[in-house]
Amino acid sequence: MTFEKQFAKIMSRKVNGVRGVNCTCLRLIIVMCVFVMSGVKGDAVEVIELGSNWSISNQNGSLTVAKQTLPSGIYSAFYPGQLLESYNDVNLRWLAYDNWTYTNSFPFDVDHFKQVRSFTLTFHGIDTIAEIRLNHQLLGRTDNMFVRYSYDVTKILQDENLLEVEITSPVWSALAKAEVLRNQSVSVPPACPPARYHGECHMNMLRKMQASFAWDWGPAAPSMGIWKSVQLEMYEVALLRDVDVDVSRNETHWNMHITCYLDVAGKESFYAQLIFYAVELLEQPVVIDTYSTQPISYLSPVIVFDQAVPIADVVPWWPNGYGDQKLYPLHFTLNAWLGNDGPKVRSKTKSQKSIRVGFRTLELIERPAPDGQGNTFLFRVNGIEIFMKGSNYIPSNILPENQTSNQIAYLLESAKEAHMNMLRVWGGGVYESDYFYDLADRLGILIWQDMMFACAMYPVTPDFLSSVREEVRQNAKRLSHHPSVAIFVGNNENEVALVQDWYQTITQLDRFKEEYRELYLGSILHELKIVSHSSRPSPLVSSPSNGKASEKDNYISENPQDNHNGDVHFYDYMKDAWDPGIYPRPRFTSEYGFQSLPGSKAWDRVLNEDDKLSELISHRQHHPLAMLPITTQVHRHLPLPLPENEDYEEALIYFSQISQAMATKVETELYRSLRDTNHNTMGALYWQLNDVWVAPSWSGIDVYGNWKLLHYWARDFLAPTVIVALYDKPTGSLNISLICDEPNINTDDLNVVEHIHLWSQLLPRESRTWASTLRPNGVQYDKVIQLKDLLKGEFNERNAYVEYQLRRKEELISRTYFFPSNIAAAVGITDPQLEFEITSKTCHQTNIGTRNSVSLTIEVKHPAVFVYVELQLPYRYKLSENGYMQTTPVHVIHAVVETSSCIRLWRKSYFNIWTVNEFMT
């Protein structure tokens, strides 16, 4: 919106029924007046979106689809919504083996725009290897889906224009690049993924979403397309592309170190004036007119300046759970022209950029650790040491053009609802959209930002490195101003893969080490220095790594998984995952997790009539160990029927979710409880938040947005204040800890309640209570209880279990359970005789659809173990709780179901309810 339009809009507002302006609007008017009165002429840069009327054809012209809009990809264009069905990850693969051309014919009034000096055609995202022609003239070639490409088309535009984007198969392109290196006796492993992935080879040859060639959690969908916008930009000499704001603080002021990055046309120095306003921070706009007489070099088109704001005038930005997420709007207007006489009256010299910033300090503290070995690894925000709790985020859709704001918002809001304060954007996906980071800013979710390199060695040819440097430059400039972006990291698992010889690199280890350092130290980290911030830690080279301790090893350590330094990734599927003793005691865990299956209704939505569920599960299980990690854990604790039993698949789905939730709960609680020990563990980000299809995976939320048990339980075990009961097998004792993330909390009237239950009876059989307290922003190590002192008399390890509650008088703050034996061997579990009724229902409209609210009253006559409720309708829904222990005769849960219109008649058949009991009787 131009200043003139903004001015008219503000003046048309009514305040208390009277046409006028409020204080903030008055400031904006002043800013506009300053701009108008500055005497600098010019008109706004104009941008035409080329987002519609595209056609797509394959190489021989046998297939064509017309009237396409952007963003677009070949899977979504030719088979919309069908990739996730049945075996279509294989059945539709032929799309990726062909070459495809996107064509757009558009008129342009050349005469009307004859005064415009520069016309630039900008592609914000092409996936991936493409040749671009306008009116049959080659504009250029693309090789990186993460890079913005701009072309000068000033002399090519006509009244009628033909734009062609010819995209080459990524499968054959990757193979061709690998063959070139192979002919030079150069290998860049891994050549191909494990056979179980049903994937494609040589993903690391392309700067494309690495997971699109398949991963252990997702299908191969090596799409092609134009996944971001295409714009025709008309301007005189330069436009404002990105703004970075580095916020720092001293005793009296916050300082904004502001860098404005300009895109230029041509190779001439130019003049400029920048007007900056922050209506909530500054009474007057800031006019940077140094360059109205002193030209800017086209070789370094940036404008840099500082602006201080008194501390008293600023509300700081905090992560989720620690305070408000106050964001301040900043607006920049650039006027850029050639010649010292100033711009012509109607020349298109003015471009604008608006961002929001949060004022916060953020440090990565790596000081000598309390145990005397290595360093701590913890984040301190606004002077407060914060335990980072959250998950890992993969792309919200395996087809990047299909990511939607609604889907992203749902996932990030679900993370906030589960009390997460950090998400790791994993390095095998994409640099997420502006909307993603804007929303993370608003929700207070810190982002651990991997660069897009994962689980591979990479080539270091000049062309590849040049493309990577541009990729890093562009994305770092775009993302750096966000207060949510906590740290940049060069890659996912590539250091540990190299050191541990995942891909048989040992035979040329020196060569691979040299290439590793050339890529990450010489290229990626070098470019990240452009946006280094005083309020953001220096980038890490890899995850996992030993943090600053890696420096002495020149960033390739003998053991990047050292528990005494940096961050670790931990997976062990063969040991008992419900036993806290199997887990490491690290400084920070940025990846860990267990697989489960999505719910039965999710499978129903992708099965064809002739499909067998067991075979589809097997096909989509990409873990190299197949189902063994899941079944091994389930068999340890739950009564899984034999595979030939009729209810095997139903039980496997249900039990896998219990097993995943419990294992992740135990591991996360252990890490949280180690905060104030000598281990000083200060982060737990489990793998993974979300899913891209219906398949066995590590996710806590399925592809349809429905929470698995893991996410319901995460809402409890990641709560700000929790009670934890962890069994220590060597001493035979329960360690009771009270964990509190809140810096300020009422510690009055707190009690711990211990209930001993018999599996055969409702309500506790024996109880005791003791007074306790909390340690603000820390852990209160409350009691150590010998199991033999707890389970005696009528209680033993097989007939009893224990419940712990943290209460403030009658208020339940947190609860947890300890199960002394595996549940499959428990004595006394019987049919709970569960019955339920739908006892209330309402419906109302929201800005995104219709929300149905339903209450279920569930009655039992005996304890019901891990009550699991699943909606049998194809809608997204949330429950007030799920997978809970029902030890009272009556319990009510609430469901919120998103639909397109109200459901007037609710039937009991719309819900399935399972308990472990039914598989034991």
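Because the structure is predicted, anything quoted here is derived from the model rather than measured. (Residues numbered from 1 in each chain as written. Predicted model: local features only at pLDDT ≥ 70, side-chain atom pairs only at ≥ 80, totals over all residues. Heavy atoms only, no water.)

### Some thoughts on the overall build of the protein chain
Stated formally: Secondary structure elements are defined from DSSP: runs of H or I of at least 4 residues count as helices, runs of E of at least 2 residues count as strands, and each element is numbered from the N terminus. Here the radius of gyration uses the C-alpha set of atoms, whereas the globule reference equals 2.2 Å times the residue count to the power 0.38. Throughout, a residue-residue contact means that at least one pair of heavy atoms, one from each residue, lies within 4.5 Å.
Each helix and strand counted, the protein chain has 17 helices and 49 strands in total. In terms of overall dimensions, the protein chain is globule-like: its C-alpha atoms have a radius of gyration of 29 Å, near the 29 Å expected for 921 residues. Once the C-alpha set of the protein chain is aligned to its principal axes, its extents read approximately 95 × 65 × 65 Å. Of all intrachain contacts in the protein chain linking residues separated by at least 6 positions in sequence, the fraction that spans at least 24 positions is 72%.

### Notes on helix 16 (residues 709-717)
Counted only if it meets this: Exposure is judged per residue with a 1.4 Å probe applied to protein chains only, and the accessible area is read against the type maximum: over 50% gives exposed, under 20% gives buried, and values in between give partly exposed.
Of all 9 residues in helix 16, 8 are buried, a share of seventy percent or more. In the core, the buried residues of helix 16 are packed alongside helix 7 (405-417), helix 15 (648-673), strand 35 (683-686), strand 36 (721-728), strand 45 (864-871) and strand 46 (876-879).

### Brief notes about a nonpolar patch on the surface
Rules: Like-charged residues are merged into a patch within 9 Å and nonpolar side chains (Val, Leu, Ile, Met, Phe, Trp, Tyr) within 5 Å, provided each residue has over 30% relative accessible area and no salt bridge. Residue exposure ignores everything except the shown protein chains as possible cover, and the areas themselves are Shrake-Rupley values with a 1.4 Å probe. Salt bridges are identified by distance alone: a Lys or Arg side-chain nitrogen within 4 Å of an Asp or Glu carboxyl oxygen.
Nonpolar side chains collect at one region of the surface, where Leu 63, Trp 94, Tyr 97, Trp 172 and Leu 175 lie side by side and expose about 430 Å² of accessible area between them. Mapped onto the elements of the fold, Leu 63 is located in the loop between strand 5 (54-58) and strand 6 (64-68). When its relative accessible area of 31% is taken as the criterion, Leu 63 is described as partly exposed.

### A look at the sheet that holds strand 7 (residues 72-73)
Test applied: In this description, strands pair whenever DSSP reports at least two bridges between them.
Across the sheet, 3 strands lie side by side as 7-17-10; this open sheet has antiparallel pairing. Every other strand in the sheet has two partners, leaving strand 7 and strand 10 (126-127) as the edge strands with one partner each. Bridge analysis of strand 7 against strand 17 (residues 225-226) gives 2 bridges, and the strand direction is antiparallel. Paired with Gly 73 across the two strands is Gly 225, which belongs to strand 17.

### So, the pattern of salt bridges
For the structure on display, the rule yields 43 salt bridges. Here Glu 166 makes a salt bridge to Arg 133, at a shortest N to O gap of 3.3 Å. Linking Glu 166 in strand 14 (residues 160-167) with Arg 133 in strand 11 (residues 130-134), this pair joins segments that are 33 residues apart in sequence. Owing to a relative accessible area of 33%, Glu 166 belongs among the partly exposed residues under this scheme. By relative accessible area, Arg 133 is classed as buried at 16%. The shortest N-O distance in the salt bridge between Arg 808 and Glu 811 comes to 3.8 Å. We classify Arg 808 as buried; its relative accessible area is 18%. Take Glu 811: its relative accessible area is 43%, and that puts it in the partly exposed class. Taken together, the shared-partner salt bridges in this structure form one network comprising Glu 131, Arg 133, Arg 141, Glu 164 and Glu 166.

### Comments concerning the state of the cysteines
Stated precisely, the cut-off is as follows: Only a pair of cysteine sulfur atoms within 2.5 Å counts as a disulfide in this structure description.
If you walk through the whole model with that rule in mind, you get 2 disulfides. The disulfide partner of Cys 192 is Cys 201, and the gap between their sulfur atoms is 2.0 Å. Taking the torsion about the sulfur-sulfur bond, which here is approximately 105 degrees, the covalent link between Cys 192 and Cys 201 counts as right-handed. Relative accessible area serves as the criterion here: at 40%, Cys 192 is assigned to the partly exposed category. On the basis of relative accessible area, Cys 201 is assigned to the partly exposed category, the value being 23%. Put simply, Cys 843 and Cys 902 are joined by a disulfide, and their sulfur atoms are 1.9 Å apart.

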